[in-house]
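Breakdown of the fold
As a plain string of letters, each chain reads:
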Amino acid sequence: MTEMDQRKKRVPAQILITIGLIALATGIGWGFRRLSFPETNIVVTYILCVLLVARLTNGYLYGIASSVLATAAFNYFFTSPYYTFSVYDPNYWITFFIMTLTAVVTSALTTKVKQTAWIARQNEAETSALFQLTNRLTDAVDKETIANLSVQTISEILRCDAACLCFQKNGSPDSSFVQQHGMNRQVRREVDDTESLRHRIENLRSPYDVNAEFYDCPIYGRESILGIVRIPVDTARQMTDAQTRLLHSMIESIALAMDRFISAQARVESNEEAMRQRDRSNLLRAISHDLRTPLSGIMGASEMLMSLTRDDEERYQLAFGIYKDADWLHSMVENILNLTRLQEGKLIIHKQPEAVEEVVGVAVAALSKRAPDRSMIVHIPKEVLMVAMDARLIEQVLVNLLDNALCHTKQNDEISVCVQVDTRSSQAVFTVADRGSGISETDLPHVFDMFYTTQRSGPDARRGIGLGLAICKSIVAAHGGTVMARNRADGAGAELVFTLPMEERADAETK
Amino acid sequence: MQKPNEQILVVEDDAQIRNFVCFALKQNGFAYTPASTAQDALTQLVTGQFDLMLLDLGLPDFDGMEVIAKVRSWSEIPILVISARDQDTEKAAALDAGADDYLTKPFSATELMARIRVSLRHLYQAGFMKMQSSACVRGLKIDFDKHLVYLDEHELHITPMEYSLLALFFHNIGKVLTTKSIIRNIYGSGYGTDTQALRALMAGLRRKIEANPAVPKYILTEIGVGYRLVGE
């Protein structure tokens, strides 16, 4: 827009230059003729004049006009009959033709060179402005600094008081924006109506939005609008195409810098979150770990106290109470430890083919030790069943399931462990069943939920913290199996079932 | 047949556990010397006369494994390792390094005393056992001369492999044998650490000697570590 204005302003001057130069050439030619120099010199002088016109003016128009003018002037002043446009000697027509042609080509070439140089200069200015901006933005440590530097650089390059308004993460504009004020000062100004501004910017169809004071150009980030660059209306109206292009390039750079900052920030945040998570688990594990040793001491000491007293003494009962509670605490500590490891996702599962009977045997033996007066029925397939698993963890699952069954049954209720092969789905099916009172309908969907404990148990019942079955679910899921709880179809009692896939064996063998 | 007052070195850094272990030892008629660091324990071992060492793997100054290796370089004293729960590999490594048995915290005093007795009996019978022509654990009897196995007086048909496995256990009654050491003994040292063949062999043997292989009475599984033939 301004480029056109400038050109218009300079038109009279350029016409003046053109006419003046032609006149000058004519004058020199006049002198040559008086000195009886050959006419060739006059022609060459005209061509020089056309070249100068092309050099000193903008565009092709003046050069071509001056070519024609020069030929006309030569014809008028220096060919007989003088001071007319008619020619006696037809040879002159050739002279005119070649002269015009030469002049036109010369002026065209000169103009072309000039334009190339001008574009090069423009590009260079653009590049250096961009470089300046990117260079400054590299060191920016936060969004604020990016905005400040951008405003400063844009203001310098466009010679105006530009402004920048940042948008928040949720896409709504900040309540205030920063604006350049003079050379070295920046001021903060309030935004009147952030909501309507946001609405206008989000529904923008053109590259900028115009309001009373500013042209608002949005800064588009990878995912959202990061802010707007505001150029004062007066400056914006006068910007050349090149300046507009430059502004857009600069906005691109700003967007890149802001995006970089945002992703860096996100990285820092996720690192911090991971760190916090790790600290928390480490703390929990350290506590659990340090609880084990004193618990061992308490259990051992209370056991010794029990051995020192007779069964029917009150002291024995007290010592026995200490022992039982310590034992319960211990199993809870183990569960919490397992849970933290499972939650961290750090629990490395060492799957290898294990004989199912061994794992079941160990779990049953552990429970028999804990509750020597209870008996369990164990069924395993006749054939040796090898399933890929982490034996330690599956033992834990079985222990938790059996423990759960023990907790929810009375002294003489039957508890059974059964392992079968489902050849159809190629899975090993483990079932822990009891003849207790079963699981109520309200509890059934939640038994594997973390921290879920039934409301039904009597006032004296030992409350769990609802971790045992949740851990089972996590472990089995990590093995690629499923867990399920249901009431028995063949009478009273509950049935907890988990499956482990068996196809891994083939994989292990092919390895 | 137990001599009175066997000397037991108790190496444990936690005072509470050390106290209770010492108390239990006293109750059961053992003499004991407490030590709270590995350095202390090694000094005691060099200067005193001990019949058995109880060793906690998590000592403040030295790694338990180093202690075992050091002691084993000059002494055959039975070592009973006490460890925290989730250290399966460490347990197996300790046993392979020369420890005789292990206990996991928390353990009961009864269990501890039983293990100590087994280890001490081992010490006395070590040479004697090899000369015996037969051994018997409850209903299970092995005839080393004839390579025969009887369950409740009935002869069992077992393969030579199963026999050598069982014989190995009978030579180490009550002692935990690591999977690695069993494989080395049965298949030879070139066999590597493929546990699968051993598991299959064990399953076959159990089907012959146990009423229910999933509730074994004779050979118990120690998950992640190995197996043990239960004596009493």
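Residues numbered from 1 in each chain as written. Chains lettered and ligands numbered in written order. Predicted model: local features only at pLDDT ≥ 70, side-chain atom pairs only at ≥ 80, totals over all residues. Heavy atoms only, no water.

A tally of regular secondary structure across chain A gives 13 helices and 13 strands. Counting over 511 residues, chain A shows a buried share of 43%. Taking as baseline every contact in chain A between residues at least 6 positions apart, the subset at least 24 positions apart corresponds to 63%. Here chain A has roughly 28,000 Å² of accessible surface; of this, 57% comes from carbon and sulfur atoms. (Helix = DSSP H or I, 4+ residues; strand = E, 2+ residues; numbered from the N terminus. Buried < 20%, exposed > 50% of the residue type's maximum accessible area, 1.4 Å probe, protein only. Contact = heavy atoms within 4.5 Å. Areas by Shrake-Rupley, 256 points an atom, 1.4 Å probe, with all protein chains shown as cover.)

Further remarks concern the overall build of chain B. If you tally the helices and strands in chain B, you get eight helices and twelve strands. Each of the 232 residues in chain B was classed as buried or not, and the buried ones make up 52%. In chain B, 58% of the contacts between residues at least 6 apart in sequence involve partners at least 24 apart. Carbon together with sulfur atoms contributes 52% to the accessible area of chain B, which is approximately 10,200 Å² in total.

Look at Ser426(A): it is not a glycine, yet its phi comes out positive at around 55°. Tracing the sequence through the fold places Ser426(A) in the loop between strand 10 (415-422) and strand 11 (427-434). For Ser426(A), a relative accessible area of 26% gives the class partly exposed. Unusually for a residue other than glycine, Asp152(B) sits at a positive phi of about 50°. Structurally, Asp152(B) can be placed in the loop between strand 8 (148-151) and strand 9 (154-156).

Our next topic: the pattern of salt bridges. Using the criterion set out here, one finds 27 salt bridges over all chains in the structure. With a shortest N-O distance of 2.9 Å, Asp209(A) and Arg200(A) are connected by a salt bridge. A relative accessible area of 10% means that Asp209(A) is categorised as buried. By relative accessible area, Arg200(A) is classed as partly exposed at 32%. Taking the shortest distance from any N to any O, the salt bridge between Arg435(A) and Asp490(A) comes out at 3.3 Å. Of this pair, Arg435(A) sits in the loop between strand 11 and helix 12 (468-478) while Asp490(A) sits in the loop between strand 12 (483-487) and strand 13 (494-501); the two residues are 55 residues apart in sequence, bridging distant segments of the chain. Through salt bridges with shared partners, a single ionic network connects Lys369(A), Asp101(B), Glu111(B), Arg115(B), Glu222(B) and Arg228(B). (Salt bridge = Lys/Arg side-chain N within 4 Å of Asp/Glu carboxyl O.)

Attention now goes to the interface of chain A and chain B. Tallying the contact residues gives 36 residues for chain A and 34 residues for chain B. Interface of chain A and chain B: buried area, both sides summed, is about 3,000 Å²; carbon and sulfur atoms make up 56% of it. Looking only at chain A, the three residues that lose the most surface to chain B are Met304(A), Glu358(A) and Arg392(A), adding up to 22% of its buried area. The interface formed by chain A and chain B includes eleven residue pairs in polar contact (both at pLDDT 80 or more). When residues of the side of chain A that touches chain B are traced back to their parent elements, those giving at least two are helix 8 (241-308), helix 9 (314-344), strand 7 (352-355), helix 10 (356-370) and helix 11 (391-407) of chain A. Of all the elements, helix 8 of chain A adds the most residues to the side of chain A that touches chain B, at ten residues. Residues that form the side of chain A that touches chain B fall into these classes: 15 nonpolar, eight polar and 13 charged. (Buried area = accessible area lost by both parts, 1.4 Å probe. Polar contact = N/O pair within 3.5 Å; in protein donor to acceptor, adjacent residues only side chain to side chain. Nonpolar A, V, L, I, M, F, W, Y, C, P; charged D, E, K, R; others polar.)

Going through the model one piece at a time under the given rule, you end up with zero disulfides over all chains. Of all cysteine sulfurs in the structure, the one in Cys166(A) sits closest to Cys164(A), which takes part in no disulfide; the separation is 4.6 Å. (Disulfide = S-S within 2.5 Å.)

For the rest of this paragraph, the subject is the pairing of strand 11 (residues 219-222) of chain B. Residues and elements named next belong to chain B. When strand 11 meets strand 12 (residues 226-229), the two strands line up antiparallel, connected through four bridges. Bridge pairing links Glu222 to Gly226 in strand 12. With antiparallel pairing between neighbouring strands as the criterion, strand 11 and strand 12 make up a hairpin whose turn holds three residues, including Gly224 at a positive phi of roughly 80°. (Pairing = 2+ DSSP bridges.)

Turning our eyes to something else, we now look at helix 8 (residues 195-209) of chain B. A rise of 1.5 Å per residue sets the reference length of helix 8 of chain B, with its 15 residues, at 21 Å; its end C-alpha atoms lie 21 Å apart and thus fit the reference within 8%. Along helix 8 of chain B, the residues that are buried comprise Thr195(B), Leu198(B), Arg199(B), Leu201(B), Met202(B), Ala203(B), Leu205(B), Arg206(B) and Ile209(B). (Expected span 1.5 Å × (residues − 1).)

Gaps left between atoms show up when a probe the size of a water molecule is rolled over them. A full pass over the atoms with the stated rule returns two cavities of 30 Å³ or more. Roughly 40 Å³ of internal volume is contained in the largest cavity. As for the largest cavity, its lining consists of Asp100(B), Asp101(B), Val118(B), Ser119(B), His122(B), Gly174(B) and Lys175(B). Here the lining of the largest cavity gets three residues from one element, more than from any other, and that element is helix 5 (residues 109-131) of chain B. Within the lining of the largest cavity, the residues separate by chemical class into one nonpolar, three polar and three charged. Put simply, the second largest cavity is a space of about 30 Å³. Forming the boundary of the second largest cavity are Glu144(A), Ala147(A), Cys164(A), Cys166(A), Asp174(A), Ser176(A), Phe177(A), Val178(A) and Arg188(A). Elements represented by at least two residues in the lining of the second largest cavity include exactly helix 5 (143-158), strand 1 (163-166) and strand 2 (176-181) of chain A. When residues of the lining of the second largest cavity are assigned to their parent elements, the largest contribution, three residues, is made by strand 2 of chain A. (1 Å grid on protein atoms, 1.4 Å probe; cavity = no way out; pocket = protein on both sides within 12 Å on 5 of 7 lines; lining within 4 Å. Points joined across faces, edges and corners; volume = space filled by probe spheres on them.)

Remember that the coordinates give geometry; whether it matters functionally is a separate question.
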